[in-house]
Amino acid sequence: MSQDAKESTVTAAPADAGTGDALENLLHENRKFAPSEEFAANAVVGAGDYAEAAQDRPAFWAKQARELLTWSKDFDQALDWSNPPFAKWFVGGEINAAYNALDRHVENGLGDRVAIHFEGEPGDTRSYSYAELTEEVKKAANAFESLGVAKGDRVAVYLPMIPEAVITLLACARIGAVHSVVFGGFSADALRSRIDDAEAKLVVTADGTFRRGKPSALKPAVDEALAKEGHTVENVVVVKRNGESVNWVEGRDKWWDETVGTASTEHTAVGHDSEHPLFILYTSGTTGKPKGILHTTGGYLTQGAYTHKAVFDLHPETDVFWCTADVGWVTGHSYVAYAPLINGATQVMYEGTPDSPHQGRWWEIVEKYKVSILYTAPTAIRTFMKWGKDIPAKYDLSSIRVLGSVGEPINPEAWMWYREVIGGNGGKKDTPAPIVDTWWQTETGAQMIAPLPGVTATKPGSAQVPLPGIAVDVVDELGESVPDGHGGYLVVREPWPSMLRGIWGDPERFKDTYWSRFEAMYFAGDGAKKDEDGDIWLLGRVDDVMNVSGHRLSTTEIESALVSHPSVAEAAVVGAADETTGQAVVAFVILRGDAANNGDETVQELRNHVGKEIGPIAKPKHVLVVPELPKTRSGKIMRRLLKDVAEGREVGDATTLSDPTIMQQIAESLRK
Ligand code: PRX
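No experiment lies behind these values; they were computed from the predicted model shown.

Calculation notes
- Residues numbered from 1 in each chain as written.
- Predicted model: local features only at pLDDT ≥ 70, side-chain atom pairs only at ≥ 80, totals over all residues.
- Heavy atoms only, no water.
- Helix = DSSP H or I, 4+ residues; strand = E, 2+ residues; numbered from the N terminus.
- Rg over C-alpha atoms; globule rule 2.2 N^0.38 Å.
- Buried < 20%, exposed > 50% of the residue type's maximum accessible area, 1.4 Å probe, protein only.
- Contact = heavy atoms within 4.5 Å.
- Lys, Arg positive; Asp, Glu negative; His and termini not counted.
- Charge placed at Lys NZ, Arg CZ, Asp CG, Glu CD.
- Pairing = 2+ DSSP bridges.
- Axes fitted to C-alpha atoms, helices over the stretch in contact; angles between N-to-C directions.
- Near = heavy atom within 4 Å.
- Polar contact = N/O pair within 3.5 Å; in protein donor to acceptor, adjacent residues only side chain to side chain.
- Areas by Shrake-Rupley, 256 points an atom, 1.4 Å probe, with all protein chains shown as cover.
- Nonpolar A, V, L, I, M, F, W, Y, C, P; charged D, E, K, R; others polar.
- Core = buried A, V, L, I, M, F, W, Y, C linked by side-chain atoms within 4.5 Å.
- Left-handed = near helix turned anticlockwise from the far one by under 90°.
- pLDDT = per-residue confidence, 0-100.
- Phe/Tyr/Trp six-rings, centres within 6.5 Å; stacked < 30°, edge-to-face > 60°.
- Lys NZ or Arg CZ within 6 Å of the ring centre and 35° of its normal.

Is there a simple way to think about the overall build of the protein chain in this case?
When you go through the protein chain residue by residue, the secondary structure sums to 22 helices and 30 strands. Over its C-alpha trace the protein chain gives a radius of gyration of 24 Å, about what one expects of a compact globule, namely 26 Å for 672 residues. With the principal axes as the frame, the protein chain shows a C-alpha extent of 75 × 65 × 55 Å. Across the 672 residues of the protein chain, 61% fall into the buried class. Contacts in the protein chain between residues at least 24 apart in sequence constitute 72% of all its contacts with a sequence separation of at least 6. Within the protein chain, the 95 negative side-chain charges are centred at a point lying 1 Å from the centre of the 66 positive side-chain charges.

Put into structure tokens, the structure is as follows:
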């Protein structure tokens, strides 16, 4: 990307999305693990749901909506699809998400059940019963209302993984305010652009958190984000978490303890329209500007609750569920803040990193709380593999009975390790816990493709089958369904309850991004294959979106950040295969004529610049200063060739380059 070209439209063919030889191996995977008889006999969802959903999809979802949720007003129609791609689910119904997650469980006599076991990084712990959590959410709802937040207003949330994050989300939902969580790893600039896009009235943050035993600040980023006038924020509520001193803006800033802490515990939840906006969550797309993905209430809660129950075989009376995702990402929304509480489950929430203060921290937590369902990302599993199986072996993991994976393709080797070392308690269990690999996206709101652990014979590395009531397919360039044994693009053919309702403030972009590639189908942006059994294998993105440690990053967004540095003339970013993080960000930059190349110092400066513009998570692993970039005659950067270089492969076909010697020049400059 050059300084004046901020848009990019490169779309690789699905074959590009694969992993070469690894793909061949994938499709010859013939290990299968059928559920044990005992597991199948006790499973909460059986094969019958597939047949039932296939008969009448909307009716199936309507049944789930009524069974799993309590509506203040029943709905008249399951689905209104008269104006595609704008869906309405459970039309005419009214529902309160917080009432469903909290009050009704207390009313049903489950007030004493633990909702959240919180484990802070420094080792402090707190447990909230459903009754206690309900009280906290009522207090927060009153406090936010007293600060002038009303139904429909937007609230930006910039918090670490602490219970106040869940309390804030549910308090917003309770009063009908729309939360917009910004992951704590994003910079002040990124926070500001999201605050502006959503026109947030309130920001909820903390002084900071802990990272590897040390305090790590958050409030300064909020101060920096709001330093420049012209924003819509009236108040900032600050949770005291790490006790570090913070700057204070009188009148604007309020301590959580002094506002929420002193608020009344009386608050009546009223029903909101089923299609009332619940939240916005920004995610990277193929162009520079992140998209505010909009989710609404009734459908989102229904599919979240159903999938949480069916895919994890949830027995809420006895299970202890732990989803390790941060609430800054969609997984932390759907499977921390909402579905587990809607389903009345007990869950674990952990603030810190897996290696603090030692590499066995997660397994210590599993042992301590007797976690029975663990949901995490392949990147974490690969990190644990690297640390070695002796570490989990020191702990009793016998409580685990279901394992989940999400965020990126899980390679069969990591899958097998997860099964044997974690699910098999280091070989001490006769029947290891089943693994459910779950494919979904910020946009889909809830899981879409996954085995059912009591039904499906699982296969290492494949997410396998669309869930009951979900119409996923793999199609070719023309949108035709591909036969088994072939690859193409992943699409969804029919509307689903938790589908995004749009991009905040940009209906055209919603149509263009997801609904224009194929006629009447949702295009997910992923490449996929069907194997000989018809099982689906996800092969990664086919657009300019990278997946680093299960986090979505846009090549274009990072290129924009790089070219905004005064020394950079042009930049191209690729996601290169990485053993641990799945992909790693590798940037190729051309410096401006008058900019000095100070080697490592320049590289460090550019990495930090990206950190400041977007956030530490987007910092390139490698920055390579090159004399030229490979471009086609029409000026498109050929990232495929750069990827070859970044992955240390022989460079592929370069004949369409405007200057075929460029790859040699690049190779030469890198040798130096
Ligand atoms: O490429 C797919 C990958 O993550 C993308 C969605 O990212 P995000 O919106 O951040 O949500 C991540 C958590 C739901 C998808 O387009 N992805 C997600 N789950 C899987 C996956 N790729 C392969 N297998 C999965 N199980």
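Explanation requested: the sheet that holds strand β23 (residues 502–503) in the structure shown.
Consider a sheet: its strands pair through backbone hydrogen bonds, and that pairing is either parallel or antiparallel. Reading across from one edge, β12-β11-β8-β6-β7-β14-β15-β23 is the order of the eight strands in this open sheet, with mixed pairing throughout. The sheet is open, and its two edges are formed by β12 (253–255) and β23, each paired on a single side. Relative to strand β8 (residues 202–206), strand β6 (residues 154–158) runs parallel, the two being bridged by four bridges. Bridge assignment links V155 to a residue of β8, and that residue is L202. Its contacts with the sheet put helix α9 (residues 188–198) on β6, β8 and β14 (277–283), and the angle it makes with β14 is roughly 145°.

What's the story with the site of the ligand in this structure? I'm lost.
Contacts to the ligand come from 17 residues, most closely from D437, T438, T442, D526 and R552. Within the backbone of E408, one N or O atom sits 3.3 Å away from a nitrogen atom of the ligand. At 2.5 Å, a side-chain N or O of T442 approaches an oxygen atom of the ligand. Contact with the protein chains hides 97% of the accessible area of the ligand, taken as 540 Å² for the molecule alone. Of all elements in the fold, only α13 (330–342), β20 (435–438) and β25 (536–541) reach the threshold of two or more residues within the shell around the ligand. Split into classes, the residues belonging to the shell around the ligand amount to six nonpolar, six polar and five charged.

What exactly am I supposed to notice about the nonpolar core here?
Soluble globular proteins: nonpolar side chains tend toward being buried together. Within the largest apolar cluster, 158 residues are counted, with the highest numbers of intra-cluster contacts made by F144, Y338, L490 and I558. Top element by residues in this core is helix α8 (residues 163–175). It accounts for nine residues. Leaving out residues up to four positions away in the same chain, Y338 has contacts with A97, L169, L170, A173, H179, L278, Y300, L301 and H333. Formed by 30 residues, the second largest nonpolar core is a distinct cluster that contains V348, Y350, L374 and I410.

Could you clarify how one ought to interpret the sheet that holds strand β19 (residues 402–406) in this entry?
Taken in spatial order, the seven strands line up as β5-β4-β17-β16-β18-β19-β20 in an open sheet, and their pairing is mixed. Because the sheet does not close on itself, it has two edges, and the strands there are β5 (125–129) and β20. The average undirected angle you get between the axes of adjacent strands in this sheet is 15°. As paired elements, strand β18 (residues 373–376) and β19 share four bridges and run parallel to each other. Residue pairing in the sheet places T376 in a bridge with S405 of β19.

Looking at this structure, how should I read unusual backbone geometry?
Glycine aside, residues mostly have negative phi, and peptide bonds are mostly found in the trans state. Cis geometry is found at the peptide bond from P84 to P85, where omega equals 5°. Structurally, the position occupied by P85 is in the loop between β1 (77–83) and β2 (86–91). Even without a glycine there, the phi angle at N425 is positive, about 50°. Relative to the elements of secondary structure, N425 occurs in the loop between α17 (412–423) and β20. Phi is positive for Q464, which is not a glycine, with a value near 75°. On the basis of relative accessibility, which here comes to 1%, the residue Q464 falls in the buried class.

So what exactly am I meant to see when it comes to the packing of helix α19 (residues 555–563) against helix α20 (residues 600–613) here?
When two helices pack together, their arrangement is given by the angle between the helix axes and the distance between those axes. In contact at an axis separation of 9 Å, α19 and α20 are set at 115° when each is read in the N-to-C sense. The chirality of how α19 crosses α20 is right-handed. On α20, the residues touching I558, A561 and L562 of α19 are L606, H609, V610 and E613. Residue composition of the contact of α19 with α20, by class: five nonpolar, one polar and one charged.

When you look at the confidence of the model for the protein chain in this model, what are you seeing that I'm missing?
Predicted coordinates in regions of low pLDDT should not be interpreted in detail. Mean pLDDT for the protein chain: 93, with 96% of residues reaching 70 or above. Low pLDDT (under 50) marks residues 3–24, which in the prediction has 37 contacts with non-local residues, meaning those over four places away or in another chain.

Can you help me understand the packing of aromatic side chains in this one?
The description of an aromatic ring pair uses the distance of the two centres, along with the angle that the planes make with each other. Under the defined criterion, the tally for this structure stands at 36 aromatic pairs. With a centroid separation of 4.8 Å and an interplanar angle of 45°, the aromatic rings of F75 and F90 are classed as tilted. Of this pair, F75 sits in the loop between α5 (57–68) and β1 while F90 sits in strand β2, placing them 15 residues apart in sequence. By relative accessible area, which is 5% here, F75 ends up buried. Given the relative accessible area of 0%, F90 is considered buried. Residues F183 and F186 carry aromatic rings whose centres are separated by 6.2 Å and whose planes lie at 90° to one another, so their mutual orientation is edge-to-face. Residue F183 shares its accessibility class with F186, and that shared class is buried. Joined through ring pairs, the aromatic side chains of W81, F86, W496, F510, Y514, W515 and Y522 make up one cluster. Just above the ring of F75 sits the side chain of R66; from NZ or CZ to the centre is 3.9 Å.

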